[in-house]
Amino acid sequence: MTIDAAELTRRTAELLAAHPPATTDRLDFLKARYDAGLAWVHYPEGLGGLGAPRSLQAVVDTELEAAGAPDNEPRRIGIGLGMAAPTLLKYGTEEQKQRFLRPLWVGEEVWCQLFSEPGAGSDLAALGTRAVREGDTWVVDGQKVWTSSAHVARWAILIARTDPDVPKHAGITYFVCDMTDPGVEVRPLRQITGEAEFNEVFLTDVRIPDSRRLGAVGDGWRVAQTTLMNERVSIGGMRLPREGGMIGPVSRTWRERPELRTHDLHQRLLKLWVEAEVARLTAERLRQQLVAGQPGYEGSGMKLAFARLNQEISGLEVELRGEEGLLYDDWTMRRPELVDFTGRDAGYRYLRSKGNSIEGGTSEVLLNIVAERVLGLPAEPRTDKDVAWKDLSR
């Protein structure tokens, strides 16, 4: 049958009647929502969706929010929702989709991303983590870094080198790694904020069954592009209300603390407020484009804008607050499950935003992507394009 807004409203009402949010366990409600096809309405039936247009998800979300229904804490499981799930949907086997998508969406299992390495960050395709096949199992050895949520994750999306004798982009394969397996060691990386939301992960003789491979052997770079494009959209294209995100706290301070105002700060705030609103509306347009298919390289532009704006806005906030802006609330070493930009003080926002131009693809790499893939400018010379990975200088 055709799934339209009226049909989704009817099905949502049925879900709420059968599982009243006030008296239903939170996890039980989320599982029932997934099973009813109201998690991702554009996903196939049986995988949390109904094959409906993606644009109709808002119909369900609005009805459930009005009824006080619990959500799946999307900020806590953002890597699973924004990166792992789209990749599993596109490249996973039916068995993999059935196994992973439901516990991922309801938040029973947290995911992390094992991509970057100490010697392969901006040049991700130069990664050196090896996966050697032994029958139906792959033995993985290497080190990953900047891994958000690795300390709480059950599963990881992992890319590793399976053929060193071909050019670097061609010899990579994509896997799902169980973070509880022997040989997986997670160590905290304390950041400038005092926290350690990032980690480094050491992989020593980690055995991954071939049944947890996504895509063909050696085709991992193409699979990873789906992950990376979705990652940049999820970072730079998140849905925000007006004055949501970093511009909110500085705007409130401006209104509530007239004694801090100067003409120069006023002009700078107006400029950044307008840029933040333009970025918010552009992100909304980008999400609408997703309705028609997979995310494009425009997400790289949005992620660029997100990083620059966060850094400029947080710098203005520290300057506006004067001596107060130099204070810092808490240097305690913690390992949080998520980044809370608006729940901490101005000093935290200022320091944490420095990472925005590194995580999810450095701004320098994203500028190249926008120049070449969006604007159609000539590509930079790449002398290592046809050289076998094992022959590259390191």
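Check the entry above for the structure.
Residues numbered from 1 in each chain as written. Predicted model: local features only at pLDDT ≥ 70, side-chain atom pairs only at ≥ 80, totals over all residues. Heavy atoms only, no water.

Topic: the nonpolar core
Formed by 56 residues in total, the largest nonpolar core has its most connected members in W40, W111 and M179. Top contributing element to this core by residue count: helix 4 (residues 78–91), with seven residues. The residues touching M179, leaving out its near neighbours within four places in the chain, are C112, L114, A150, A153, R154, W155, A156, V184, V186 and V201. By size, the runner-up hydrophobic cluster in this structure holds 18 residues, among which are M246, V250, W254 and F341. (Core = buried A, V, L, I, M, F, W, Y, C linked by side-chain atoms within 4.5 Å. Buried < 20%, exposed > 50% of the residue type's maximum accessible area, 1.4 Å probe, protein only. Helix = DSSP H or I, 4+ residues; strand = E, 2+ residues; numbered from the N terminus. Contact = heavy atoms within 4.5 Å.)

A short note on the packing of helix 7 (residues 247–256) against helix 9 (residues 298–321)
At a minimum axis separation of 9 Å, helix 7 and helix 9 run at an interaxial angle of 25°. As judged from the angle between their axes, helix 7 and helix 9 are roughly parallel. Seen along the crossing, helix 7 lies across helix 9 with a hand that is left-handed. Contacts between helix 7 and helix 9 pair I247, P249, V250, T253 and W254 from the former with I313, E317, L320 and R321 from the latter. Counted by class, the contact of helix 7 with helix 9 contains six nonpolar, one polar and two charged residues. (Axes fitted to C-alpha atoms, helices over the stretch in contact; angles between N-to-C directions. Parallel < 35°, antiparallel > 145°, perpendicular 65-115°, else oblique. Left-handed = near helix turned anticlockwise from the far one by under 90°. Nonpolar A, V, L, I, M, F, W, Y, C, P; charged D, E, K, R; others polar.)

Side note on the packing of helix 1 (residues 5–18) against helix 3 (residues 57–66)
The contact between helix 1 and helix 3 brings their axes to 9 Å, and the two run at 35°. The way helix 1 lies across helix 3 gives a crossing that is right-handed. Residues A5, L8, T9, T12, L15 and L16 of helix 1 lie in contact with helix 3, whose contacting residues are V59, V60, E63 and L64. For the contact of helix 1 with helix 3, a count of residues per class yields seven nonpolar, two polar and one charged.

Examining the packing of aromatic side chains
Taken as a whole, this structure holds eleven aromatic pairs when the rule is applied. With a centroid separation of 6.3 Å and 75° between ring planes, the pair formed by Y34 and W40 is classed as edge-to-face. We classify Y34 as buried; its relative accessible area is 5%. Relative accessible area serves as the criterion here: at 10%, W40 is assigned to the buried category. (Phe/Tyr/Trp six-rings, centres within 6.5 Å; stacked < 30°, edge-to-face > 60°.)

Quick look at the pairing of strand 2 (residues 130–134)
Relative to strand 3 (residues 137–144), strand 2 is paired through five bridges, and the arrangement is antiparallel. The partner of V132 across the bridge, within strand 3, is V139. Between the end of strand 2 and the start of strand 3, which pair antiparallel, lie two residues, with G135 showing a positive phi angle near 65°. (Pairing = 2+ DSSP bridges.)

Side note on the pattern of salt bridges
All told, the structure shown has 44 salt bridges when counted by the stated rule. A salt bridge links R222 to D219; the shortest N-O distance between them is 2.6 Å. Counted as one network, the salt bridges with shared partners bring together R257, E259, E317, R321, E324 and R349. (Salt bridge = Lys/Arg side-chain N within 4 Å of Asp/Glu carboxyl O.)

Thoughts on a nonpolar patch on the surface
On the surface, V374, L375 and L377 cluster together to form a nonpolar patch covering roughly 270 Å² of accessible area. For L375, a relative accessible area of 57% puts it in the exposed group. (Patch = residues over 30% accessible without salt bridge, like charges linked within 9 Å, V, L, I, M, F, W, Y side chains within 5 Å. Areas by Shrake-Rupley, 256 points an atom, 1.4 Å probe, with all protein chains shown as cover.)

Quick word on the side chain of T12
Topologically, T12 is positioned in helix 1. Contact partners of T12, with chain neighbours within four places excluded, come to L38, V60, E63 and L64.

Remarks on helix 1
Here helix 1 spans 20 Å end to end across 14 residues, near enough to the 20 Å set by a 1.5 Å rise per residue. Among the residues of helix 1, those classed as buried are E7, L8, T12, L15 and L16. (Expected span 1.5 Å × (residues − 1).)

Comments concerning the environment of T62
Summarising the element assignment, T62 is placed in helix 3. Each C-alpha atom of the pair T62 and R321 lies 37 Å from the other, and the pair is 259 residues apart in sequence.

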